[in-house]
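Geometric and topological summary
So you can see what is in the structure, the chains are spelled out below.
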Amino acid sequence: MKILVCITHVPDTTSRIAFTNNNSEFDNSGVQFVIGPYDDYALARAVELKEQMGGSITVLNVGEAVTEPTLRKALAIGADDAIRINARADDSFFVASQIAEVAKTENYDLILMGRESIDFNGGMVHGMVGELLGIPSLSPVMKLEVENGVATLAREIEGGKEILEALLPLVVGCQEPIAEWKIPNMRGIMTARSKPLKVIEATTHSVATKTTSYDLPPEKGAIKMVDDMKELARLLKEEAKIL
Amino acid sequence: MAVLVFVELSDGEVKKSSREAVTYASAMSNGDVVAVVLGTAAGDQLKKLGNNGASKVLHANNPKFDQGVISAYASALAEAMQKTQSDSLVLAESSLGNPVAARVSIKMDASLVTNVVALPDAHFNVKRSIYTGKASAHTTLTKDKKILSIKKGAVILKEDGAEAPIENFNPSIEDSDFGVKQVSREKTTGKVLLPEADIVVSGGRGLKGPENWGMIEDLAEVLGAATGCSKPVSDMDWRPHHEHVGQTGIKVAPTLYIAIGISGAIQHLAGVNQSKYIVVINKDADAPFFKAADYGVVGDAFEVVPKLTEAIKAIK
């Protein structure tokens, strides 16, 4: 089984979100970057599948040199080698094109990634990669088993889930509870240093969107504390105009 | 030129979020709005899409589409865009809509933006939610063809239009589009779907066990609300995963979110920060959730929630 896991390098979920340079750039100062939590599920499932049936895991990120510690962490968790495509990941179509360029010649059985990144929340790269390669793409997937070249998946739908069967190769956008997050052990961290990390340049440069500025939501007004539930019902009806 | 709208069905019923997408499309067009419906639909609800702003409905009345197969839907929508020579497609974000839109964007060489929260400006720059609702970006769709996936609440639903004529649509789908087989499906029925709900009542660990969910359901019922839960609650299997609200679960954007016995971890807040009003009920006055709330109640859920249910019943 040959697996490609695509990961994002994103601010930790507890980060304070702020912008700089006249609201044109994300403010990195004091922010800790991690493997995207959904991508972490994808990687963990890949490691489990490799334990079951052997094979290899390549981890890929589209990003500048600052993302290498994140790739090394993925190697420590269990990927065999890493690819960094040396470009800023500003546009989903651009990112999907880079992944598809790599995948075109490598014949991966599975291409796993998170259902979405937690910075831009686009949730479209898996679908774009699937279409670019002409193979099915499924997301958000909460369960993935593979037997004899057939994948059985549970995909979340509003109010429930559907169980699907598909032939490999396949692109999957993962979410919990597809696997338990894995924490790298000391041996993993040591071996990660010597595992290959290949840096390649972007081969296509086309984008489909351009972000011009960012802003933060307005501050919340002061909270009203209520003791009497009749008063709360009245406020919901008259102030919030809900009932 | 027509703006195309992908109208999604849920068990044969038009989703409310899709009707909002139709209204969104009518606000960004000169009135030429074509709604595309895939699969068998119940009753006369399709021509009623006219009320929401559609000028025409293209209906692929084919049971093959009754299961939302991502590749087949993508092929059919791309064909609809070609057939109507439409440059833009609007859809409501959903677990089906976004994966489908991603594939259509490649087929049609279109720009795609998801999580759109407002109408585009004259240069096709749109505001979209990022960092799980903690910020927004203003993004221009640079290709000639554009696809917008809108979040709940991006427009106020219009319900005053005329009936729309229905035209048959027979997309030339291929067997390869149905390569993914649906084996089975589990779906709660007769309940308000969480992502679509205007009011959400959520419970956390403070409820002490799944056997105490009755009071959450009672309150939800008088409000016509959907029920949700925090991550620990779904991790412990007290409630199913599709009710988990938060960073790695469902992100909701209701008018009212009521959080009961949830402390308000930052990952939970990320899933609810698009709510218009938030009520927090917690016995710990220092629970971080109060900082994000509009109305707060410090008290024991087991006492307070039944009282709130009665008070709402009385006032409605």
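Residues numbered from 1 in each chain as written. Chains lettered and ligands numbered in written order. Predicted model: local features only at pLDDT ≥ 70, side-chain atom pairs only at ≥ 80, totals over all residues.

Along chain A, the regular secondary structure elements total six helices and 15 strands. In chain A, buried positions account for 48% of the 243 residues. For chain A, long-range pairs separated by at least 24 residues make up 71% of all intrachain contacts whose partners lie at least 6 apart in sequence. (Helix = DSSP H or I, 4+ residues; strand = E, 2+ residues; numbered from the N terminus. Buried ≥ 20, exposed ≤ 12 C-beta atoms within 10 Å, placed from the backbone. Contact = placed C-beta atoms within 7 Å.)

Let's shift gears to the nonpolar core. If you look at the biggest cluster of nonpolar residues, it comprises 125 residues, and the most contacted ones within it are V5 of chain A together with V5, V36 and L77 of chain B. Looking at this core, the element that brings in the most residues is helix α3 (residues 70–83) of chain B, giving nine residues. A225, V280, F289 and V305 of chain B belong to the second largest nonpolar core, which has 52 residues in total. (Core = buried A, V, L, I, M, F, W, Y, C linked by C-beta atoms within 7 Å.)

All names here are of chain A. Here helix α1 (residues 37–53) is 17 residues long and its end C-alpha atoms lie 25 Å apart, about the 24 Å a rise of 1.5 Å per residue gives. Considered for burial, the residues of α1 that qualify are P37, Y38, D39, D40, Y41, A42, L43, A44, R45, A46 and L49. Looking at the residues trailing α1, positive phi occurs at G54, about 75°. (Expected span 1.5 Å × (residues − 1).)

Here we take up the interface of chain B and chain A. If you look at the interface, chain B gives 71 residues, while chain A gives 64 residues. Sort the elements by how many residues they give to the side of chain B that touches chain A and helix α4 (residues 97–107) of chain B lands first, with eight residues. Taken together, the residues of the side of chain B that touches chain A break down into 32 nonpolar, 27 polar and 12 charged. (Nonpolar A, V, L, I, M, F, W, Y, C, P; charged D, E, K, R; others polar.)

Moving on to the packing of helix α5 (residues 214–223) of chain B against helix α8 (residues 301–315) of chain B. Residue and element names in this part refer to chain B. Two elements in contact, α5 and α8, have axes whose closest approach is 9 Å; the angle formed by their N-to-C orientations is 15°. Taken together, the axes of α5 and α8 are roughly parallel relative to one another. Between α5 and α8 lies a crossing of left-handed hand. Residues M215, D218, L219, V222 and L223 of α5 touch α8, and the partners they reach there are V305, P306, L308, T309, I312 and K313. Of the residues belonging to the contact of α5 with α8, the class tally is eight nonpolar, one polar and two charged. (Axes fitted to C-alpha atoms, helices over the stretch in contact; angles between N-to-C directions. Parallel < 35°, antiparallel > 145°, perpendicular 65-115°, else oblique. Left-handed = near helix turned anticlockwise from the far one by under 90°.)

A few words on the domain arrangement of chain B. Residues and elements named next belong to chain B. Structurally, chain B comprises domain 1 (3–178) and domain 2 (194–315). A C-alpha centroid distance of 31 Å is found between domain 1 and domain 2. Residue-level contacts link 11 residues of domain 1 with eight residues of domain 2. Residue composition of the side of domain 1 that touches domain 2, grouped by class: no nonpolar, six polar and five charged. (Domains from an automatic or database assignment.)

Moving on, we come to the pairing of strand β10 (residues 150–157) of chain A. Residue and element names in this part refer to chain A. In this sheet, β10 lies alongside strand β9 (residues 137–147) in antiparallel orientation, the contact comprising six bridges. By the bridge assignment for β10, V146 is matched with A151. Pairing of β10 with strand β11 (residues 160–167) involves eight bridges; the strand directions are antiparallel. Directly across from T152, in β11, lies its bridge partner E165. Where β10 folds back on β11, the antiparallel hairpin that results is connected by two residues, among which G159 adopts a positive phi of roughly 80°. (Pairing = 2+ DSSP bridges.)

Judged by pairing direction, the sheet is mixed, and its 10 strands sit side by side in the order β13(A)-β7(A)-β6(A)-β1(A)-β8(A)-β12(A)-β9(A)-β10(A)-β11(A)-β12(B) without closing on themselves. Edge positions in the sheet fall to β13 (197–201) of chain A together with β12 (181–187) of chain B, since each has one partner strand and no second. Mean inter-strand twist for the sheet, computed between neighbouring axes without regard to direction, equals 25°. For strand β8 (residues 110–114) of chain A and strand β12 (residues 170–174) of chain A, the ladder comprises five bridges, and the chain directions are parallel. Directly across from L110 of chain A, in β12 of chain A, lies its bridge partner L170 of chain A.

Residue and element names in this part refer to chain B. Relative to the assigned elements, K145 resides in strand β10 (residues 145–150). For the pair K145 and K283, spaced 138 residues apart in sequence, the C-alpha separation works out to 52 Å. Those residues in contact with K145, other than ones at most four positions away along the chain, are D87, S88, M108, D109 and A110.

In this section: the pairing of strand β5 (residues 56–60) of chain B. On any regular strand, side chains alternate: one points to one face of the sheet, the next to the other face. The pairing of strand β4 (residues 33–38) of chain B with β5 of chain B spans five bridges and is classified as parallel. Bridged to L38 of chain B within β5 of chain B is A60 of chain B.

A few words on the environment of G299 of chain B. Residues and elements named next belong to chain B. Take G299: it is sitting in the loop between β17 (295–298) and α8. Judged by the 18 C-beta atoms lying within 10 Å of it, G299 is partly exposed. With 14 residues separating them in the primary sequence, G299 and A285 have C-alpha atoms 8.4 Å apart. With residues up to four places along the chain from it excluded, the contact list for G299 reads I281, K283 and V304.

Taking strand neighbours across the sheet as the criterion, the six strands line up as β15(A)-β17(B)-β16(B)-β15(B)-β13(B)-β14(B) in an open arrangement whose pairing is parallel. Sheet topology places β15 (224–225) of chain A together with β14 (226–229) of chain B at the edges, where each strand pairs with a single neighbour. The sheet contact formed by strand β13 (residues 199–203) of chain B and β14 of chain B spans four bridges and is parallel. Note that in β14 of chain B the partner of V200 of chain B across the bridge is A226 of chain B. Strand contacts of α5 of chain B: β13, β14 and β15 (256–260) of chain B, with the helix running at about 175° to β13 of chain B, the strand carrying the most contacts. α8 of chain B rests against β15, β16 (277–282) and β17 of chain B of the sheet, and its axis sits at about 140° to β16 of chain B.

On to the packing of helix α4 (residues 125–133) of chain A against α4 of chain B. Relative to each other, α4 of chain A and α4 of chain B sit at 45°, their axes nearing to 7 Å. With respect to their mutual orientation, α4 of chain A and α4 of chain B come out oblique. α4 of chain A and α4 of chain B meet at a crossing whose hand is right-handed. Of α4 of chain B, the residues touching α4 of chain A (which contributes G127, M128, G130, E131 and L132 of chain A) are P99, A102, R103, S105, I106 and K107 of chain B. A breakdown of the residues in the contact of α4 of chain A with α4 of chain B according to their chemical character gives five nonpolar, three polar and three charged.

Now for the environment of Q182 of chain B. Residue and element names in this part refer to chain B. Structurally, the position occupied by Q182 is in strand β12. On the basis of neighbour counts, which here come to 15 C-beta atoms within 10 Å, the residue Q182 falls in the partly exposed class. Along the primary structure Q182 and V69 are separated by 113 residues, whereas in three dimensions their C-alpha atoms are 8.2 Å apart.

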